[in-house]
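Chain by chain, the residues run as shown.
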Amino acid sequence: MQLYNTLTRRLDELPAPPGPVRMYFCGPTVYARAHVGNARPYVIGMWLHSWLRSRGYEATLVHNITDVNDKIYDAAPGKSAELAARATEWYLQDTGDLGLGRPDRMPQATESIPQIVHFIEELIARDFAYAREGDVYFRVARYPDYGQLSGQRLDQVEQGEEPSPLKEDPRDFALWKATKPGEDTWWDASWGRGRPGWHIECSAMAEDAFGPVFEIHGGGIDLVFPHHENELAQSRALGHPFAQLWMHNGLLEFTGEKMAKSVGNVVTLREALDEWGRETLLLLFLGSHWRKPMDFSDETLAAAAARGQGFREVFLGPSEPTPAGAWESFEAALEDDFNTPQALALLHEWRDHELLRRALDLFGLGSLAELPEAPADVVDLAQRRQRARAERDFDEADRLRAEIESHGWEARDVADGYQLVPRR
Ligand SMILES: [Zn+2]
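A quick note: this is a predicted structure, and the numbers were derived from the prediction, not measured. (Residues numbered from 1 in each chain as written. Predicted model: local features only at pLDDT ≥ 70, side-chain atom pairs only at ≥ 80, totals over all residues. Heavy atoms only, no water.)

Participant: So what exactly am I meant to see when it comes to the coordination of the zinc ion here?
Facilitator: Expected angles at a metal are 109.5 degrees for tetrahedral coordination by four donors and either 90 or 180 degrees for octahedral coordination by six donors. Within the protein, the zinc ion binds to Cys26 (SG), Cys202 (SG) and His227 (NE2); these donor distances fall in the range 2.0 to 2.2 Å. Counting gaps between the donor residues of the zinc ion yields the pattern C-x175-C-x24-H. Of this pair, cysteine 202 sits in helix 5 (residues 198-210) while histidine 227 sits in helix 6 (residues 224-237); the two residues are 25 residues apart in sequence, bridging distant segments of the chain. Assigned by exposure class, cysteine 202 and histidine 227 land together as buried. (Donors = N, O, S within 2.8 Å, 3.2 Å for Na, K, Ca; no water. Helix = DSSP H or I, 4+ residues; strand = E, 2+ residues; numbered from the N terminus. Buried < 20%, exposed > 50% of the residue type's maximum accessible area, 1.4 Å probe, protein only.)

Structure (structure tokens):
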């Protein structure tokens with residue numbers, strides 16, 4: 001199994017099964033309902049986890065929740081803890097509704113403070129960090145490999161963080177920030193009262209879950225710098241090998257005019273689930289390579305919905321054996337940098353119900369093999385149509401068929417009665 005590694009800039013081979021393959025995928029900062037783009041690393045992490053397990057790997061997925069952060073303080077002054085708790089619930093609910101199950105662990109930053117403080121203490125003890133007036137900063141100049149992940153020269157690094165007169169060097173970044181007036185969550189450490197910086201949270205939570213070395217670290221491509229560069233520096237400064245393979249997914253792009261007009265540029269995962277349903281959303285993700293940007297528009301969503309309908313039609317038809325080697329080709333596509341669009345294209349050729357369902361199940365899409373339940377009023381119309389047909393009142397039967405279709409369903413006649421099939 002090969003995956004593209006941002007750190008080595010090439011396809012790297014995973015160790016043979018059973019591995020282990022320990023994966024840490026960065027989760028959201030919880031201050032609002034998650035953007036649909038936040039779902040991408042979640043979905044990719046869960047799919048990879050499911051695929052690796054099916055291949056006999058001991059795969060473990062950890063996905064964190066950043067529940068203390070400037071964004072949360074700003075969004076709910078004086079009430080940041082309540083907002084973080086509420087937004088964590090939203091995230092669990094919305095990602096749960098994707099129907100992919102749960103990562104093995106979902107640590108929260110606020111529950112990992114002792115580990116984070118201990119990590120900072122070690123960095124200070126080894127001179128990789130210094131405390132100034134309650135803040136603690138990482139000393140970038142003392143770590144010569146800094147910039148390796150994002151491909152930057154040490155002398156050209158710009159942290160992009162708020163400049164602070166407390167920093168020895170503008171390239172240094174915060175590990176701990178002293179409490180400011182109005183901030184309602186803090187912890188006490190030997191250097192003062194405050195809360196951790198974002199980057200050290202992930203180093204500490206990943207190592208708390210896996211120890212000093214693990215196989216895969218994932219997240220959006222926007223996290224390469226500074227977030228992941230800083231995580232890597234913190235951990236390797238202590239001599240920990242940390243993540244071996246870094247996966248960075250492409251971001252979502254919004255091109256659909258209608259979507260842009262109605263809700264601005266931000267679509268939440270909740271809105272996307274409510275409007276399009278989990279299957280269409282998952283098929284859209286599946287049809288895009290994880291490393292590439294993903295076009296989220298009415299057109300691409302409609303195409304994904306049509307794919308779902310195509311699979312449903314296959315399950316309504318007779319099962320036919322696939323040509324020899326079909327499953328092997330499907331595996332080969334996924335083993336080659338987890339090429340889900342290629343795997344998906346293969347599945348559209350299949351007519352073997354059992355094999356197709358097995359493949360779709362890996363991506364949480366086994367439900368496409370089952371007819372969704374029609375609402376009660378549509379079932380009622382279908383039953384009236386059956387009666388009209390039995391009484392040979394074909395005008396009434398045709399009228400009812402049209403009414404069923406206006407509800408987005410199609411009544412199909414089968415040997416023992418009728419079947420209701422969604423039209424979208
Ligand atoms: Zn992170």
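Past the structure itself, the notes keep going.
Participant: Hey, could you run me through the packing of aromatic side chains in this one?
Facilitator: To describe a pair of aromatic rings, you give the distance between the ring centres and the angle between the ring planes. According to the stated counting rule, one finds 16 aromatic pairs in the structure shown. Note on tyrosine 42 and tyrosine 91: the rings are 6.2 Å apart at their centroids and 90° apart in plane angle, and the pair reads as edge-to-face. On the criterion of sequence distance, the pair formed by tyrosine 42 in helix 1 (residues 39-54) and tyrosine 91 in helix 3 (residues 80-96) is long-range, its members being 49 residues apart. Accessibility classification places tyrosine 42 together with tyrosine 91 in one group, the buried group. Consider the rings of tryptophan 176 and tryptophan 191, whose centres lie 5.7 Å apart with planes at 80°: the pair is edge-to-face. Of this pair, tryptophan 176 sits in strand 7 (residues 173-178) while tryptophan 191 is found in the loop between strand 8 (187-189) and strand 9 (192-196), placing the two residues 15 residues apart along the sequence. For tryptophan 176, a relative accessible area of 0% translates into the label buried. Residue tryptophan 191 is classed as buried on the basis of its relative accessible area, which comes to 13%. One aromatic cluster is present, formed by Trp47, Trp51, Trp327, Phe330, Trp350 and Phe363 through successive ring pairs. When the ring centre of phenylalanine 128 is taken as reference, the NZ or CZ atom of arginine 142 above it lies at 4.2 Å. (Phe/Tyr/Trp six-rings, centres within 6.5 Å; stacked < 30°, edge-to-face > 60°. Lys NZ or Arg CZ within 6 Å of the ring centre and 35° of its normal.)

Participant: How should unusual backbone geometry be read in this particular structure?
Facilitator: A cis amide bond, omega 10°, links proline 17 with the succeeding residue proline 18. As for its position among the elements, proline 18 is in the loop between strand 2 (10-13) and strand 3 (21-25). Cis peptide bonds are those with omega within 30 degrees of zero, and the linkage from phenylalanine 225 to proline 226 qualifies with 0°. For proline 226, the location among the structural elements is in helix 6. Positive phi, close to 60°, is recorded for arginine 9, a residue that is not glycine. Position of arginine 9 relative to the elements: it lies in the loop between strand 1 (2-5) and strand 2. Unlike most non-glycine residues, arginine 392 shows phi in positive territory, near 60°. One can find arginine 392 in the loop between helix 14 (376-390) and helix 15 (394-406).

Participant: How should the side chain of asparagine 5 be read in this particular structure?
Facilitator: Within the secondary structure, asparagine 5 is located in strand 1. A polar side-chain atom of asparagine 5 sits 3.0 Å from the main-chain amide nitrogen of tryptophan 246. For asparagine 5, the contacting residues outside a window of four places in its chain are Arg10, Asp12, Gln244, Leu245 and Trp246. (Polar contact = N/O pair within 3.5 Å; in protein donor to acceptor, adjacent residues only side chain to side chain. Contact = heavy atoms within 4.5 Å.)

Participant: Looking at this structure, how should I read the domain arrangement of the protein chain?
Facilitator: Where the parts come together, the accessible area they lose is often given as the size of the interface. Domain assignment breaks the protein chain into domain 1 (2-249), domain 2 (266-369) and domain 3 (376-422). Once you take the C-alpha centre of each, domain 2 and domain 3 turn out to be 30 Å apart. Opposite the four residues of domain 2 that make contact, domain 3 presents four residues. Counting the contacts that link domain 2 with domain 3 gives one salt bridge. (Domains from an automatic or database assignment. Salt bridge = Lys/Arg side-chain N within 4 Å of Asp/Glu carboxyl O.)

Participant: I tried to follow the packing of helix 9 (residues 278-286) against helix 12 (residues 340-347) on my own but got confused; where do I start?
Facilitator: How two helices sit against one another is set out by the angle between their axes and by the gap between those axes. It is the contact of helix 9 with helix 12, at a shortest axis distance of 8 Å, that shows an interaxial angle of 115°. Across the interface between the two elements, Leu283, Phe285 and Leu286 from helix 9 touch Thr340, Pro341 and Leu344 from helix 12. Looking at the contact of helix 9 with helix 12, its residues break down into five nonpolar, one polar and no charged. (Axes fitted to C-alpha atoms, helices over the stretch in contact; angles between N-to-C directions. Nonpolar A, V, L, I, M, F, W, Y, C, P; charged D, E, K, R; others polar.)

Participant: Sorry if this is basic, but what is going on with the pairing of strand 1 here?
Facilitator: For a regular strand, side-chain orientation follows a simple rule: the groups alternate between the two sheet faces. Residues Leu3 and Asn5 of strand 1 are buried on one face, while the alternating residues Gln2 and Tyr4, pointing to the opposite face, are not. Direction of pairing for strand 1 relative to strand 2: antiparallel, over a ladder of four bridges. Within the sheet, the bridge partner assigned to leucine 3 lies in strand 2 and is aspartate 12. The loop that links strand 1 with its antiparallel partner strand 2 comprises four residues; one of these, arginine 9, has a positive phi angle of about 60°. (Pairing = 2+ DSSP bridges.)

Participant: Is there a simple way to explain the sheet that holds strand 7 in this structure?
Facilitator: Each strand in a sheet pairs with another by means of backbone hydrogen bonds, the pair being arranged parallel or else antiparallel. Spatially, the five strands line up as an open sheet ordered 5-6-7-9-8, and their pairing is antiparallel. Either end of the sheet is taken by a strand with one partner, and the two such strands are strand 5 (129-132) and strand 8. Averaged over all pairs of adjacent strands, the angle between strand axes in this sheet comes to 35°, irrespective of strand direction. Bridging between strand 7 and strand 9 involves three bridges; their strand directions are antiparallel. Pairing of lysine 177 across the sheet is with arginine 195, part of strand 9. The strands that helix 4 (residues 113-125) touches are strand 5, strand 6 (135-138), strand 7, strand 8 and strand 9; relative to strand 7, the one it contacts most, it runs at about 120°.

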